[in-house]
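Close look at the chain arrangement
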Amino acid sequence: MINLIDLEKKINSELTTKINKSEIKHNQIYVEINKENLIDVILFIKSNKFTKFRQLIDLTVVDYPENNKRFKVVYLFLSHEFNYRMVLTYFIN
C-alpha cells in the first residue's frame, strides 16, 4: 500500500502541468487545478493503479464574492482500495 506522501508525489509527477497546488492536510490530499484540466485529472485519478479514486462522495461550490473568479468548485473523491480521500478544486466565474 502506498502512503499519502508517496501518493501525492505520484499524482504530482504524473500530472505536473495540470496541477497548480497540492498538499496533505487532515489526512487527505488537496489538489487545486484549472477547470480546463478537470477531465484529464479525473480520468487519471480514477484509472491509475496507485490512486483508484473511483467514488465521488461530494460535489459542492463555495462563493467568494470578493474574487474575480468567485466560485470554487469542490469535489471529494474516495479510494476504497486504499482508504484515502482527495479534495479536488478549481475556480470559475
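Once that is clear, we can look at the pairing of strand β5 (residues 84–92). Side-chain direction in a regular strand flips from residue to residue, so the side chains alternate between the two faces of the sheet. Alignment of strand β2 (residues 28–33) against β5, held across four bridges, turns out to be parallel. Across the sheet, residue Glu 32 finds its bridge partner in β5, namely Thr 89. The sheet contact formed by strand β4 (residues 71–79) and β5 spans nine bridges and is antiparallel. Looking at the pairing, Lys 72 lines up with Phe 91 of β5. Two successive antiparallel strands, β4 and β5, enclose a turn made up of four residues, where Asn 83 displays a positive phi of approximately 55 degrees.

Turning our attention to the pairing of strand β1 (residues 19–25). Bridging between β1 and β2 involves six bridges; their strand directions are antiparallel. Among the inter-strand pairings, Ile 19 is bridged to a residue of β2, identified as Ile 33.

The next subject is the pattern of salt bridges. Side chains that differ in sign of charge can pair as their charged atoms come close. With the rule as written, the count across this model stands at six salt bridges. The residue Glu 23 makes a salt bridge to Lys 25 at a minimum N-O spacing of 3.8 Å. Judged by its relative accessible area of 34%, Lys 25 is partly exposed. Here Asp 63 makes a salt bridge to Arg 70, at a shortest N to O gap of 2.7 Å. Judged by relative accessible area, which is 32%, Arg 70 ranks as partly exposed. A cluster of three or more residues bridged by salt bridges with shared partners is formed by Lys 21, Glu 23 and Lys 25.

Moving on to helix α1 (residues 4–14). For an α-helix the count is 3.6 residues per turn, leaving residues at separations of three or four pointing the same way. Among the residues of α1, those classed as buried are Leu 4, Leu 7, Glu 8 and Ile 11. Buried residues along α1 cover an arc of 100 degrees about the axis, so they all sit on one side. On its buried side, α1 packs onto β1, β2, α2 (38–47) and β5. Measuring from the backbone nitrogen of Ile 5 back to the side-chain oxygen at the start of α1 gives 3.1 Å, which picks out Asn 3 as the cap.

The strands making up a sheet associate through backbone hydrogen bonding, with each pair oriented either parallel or antiparallel. The strand order β1-β2-β5-β4-β3 describes an open sheet built from five strands, whose pairing is mixed. Lying at the two open borders of the sheet, with one neighbouring strand each, are β1 and β3 (55–63). Averaged over all neighbouring strand pairs, the angle between strand axes comes to 20 degrees, with direction disregarded. Contacts between α1 and the sheet are confined to β1, β2 and β5, with β1 contributing the most and set at about 175 degrees to the helix. Sheet strands in contact with α2 are β2, β4 and β5, and its direction is about 175 degrees off that of β5.

On to the nonpolar core, then. Nonpolar side chains tend to gather and get buried jointly when the protein is soluble and globular. Leu 7, Ile 11, Ile 33, Phe 53, Met 86 and Leu 88 are the most contacted members of the largest nonpolar core, which totals 22 residues. Non-local contacts of Met 86, meaning those with residues more than four positions away in its chain, are made with Ile 11, Ile 29, Val 31, Ile 45, Phe 53, Tyr 75, Leu 76 and Phe 77.

How each quantity is defined
- The residue numbers shown here count from 1 along each chain, following its written sequence.
- Per-residue local features are limited, in this predicted model, to residues with pLDDT of at least 70; the limit for side-chain atom pairs, both in listing and counting, is 80 or more; totals at the level of whole chains, interfaces and linings are taken over all residues.
- As a rule here, side-chain values come from all non-hydrogen atoms in the structure, and water together with hydrogens is ignored.
- Any two strands with at least two DSSP-identified bridges between them are counted as paired.
- Helical segments are the DSSP runs of H or I of at least four residues, strand segments are the runs of E of at least two, and each set is numbered from the N terminus.
- Between Lys or Arg on one side and Asp or Glu on the other, a salt bridge is scored when a side-chain nitrogen of the former is within 4 Å of a carboxyl oxygen of the latter.
- Three labels apply to residues, based on accessible area from a 1.4 Å probe with only protein chains included: buried if under 20% of the type maximum, exposed if over 50%, partly exposed otherwise in between.
- Arc definition: it is the arc formed by the directions from the helix axis to the C-beta atoms.
- By the convention used here, residues are in contact when the closest approach between their heavy atoms is within 4.5 Å.
- For this analysis, a polar contact is any N or O atom pair within 3.5 Å, provided that within protein one partner can donate a hydrogen and the other can accept it, and provided that sequence-adjacent residues contribute only side-chain to side-chain pairs.
- Orientation is described by axes fitted as lines to C-alpha atoms, over the contacting stretch for helices, and by angles from 0 to 180 degrees between their N-to-C directions.
- Side-chain atoms within 4.5 Å are what join buried Ala, Val, Leu, Ile, Met, Phe, Trp, Tyr and Cys residues into a set we call a nonpolar core.

Shape descriptors only; they carry no functional weight alone.
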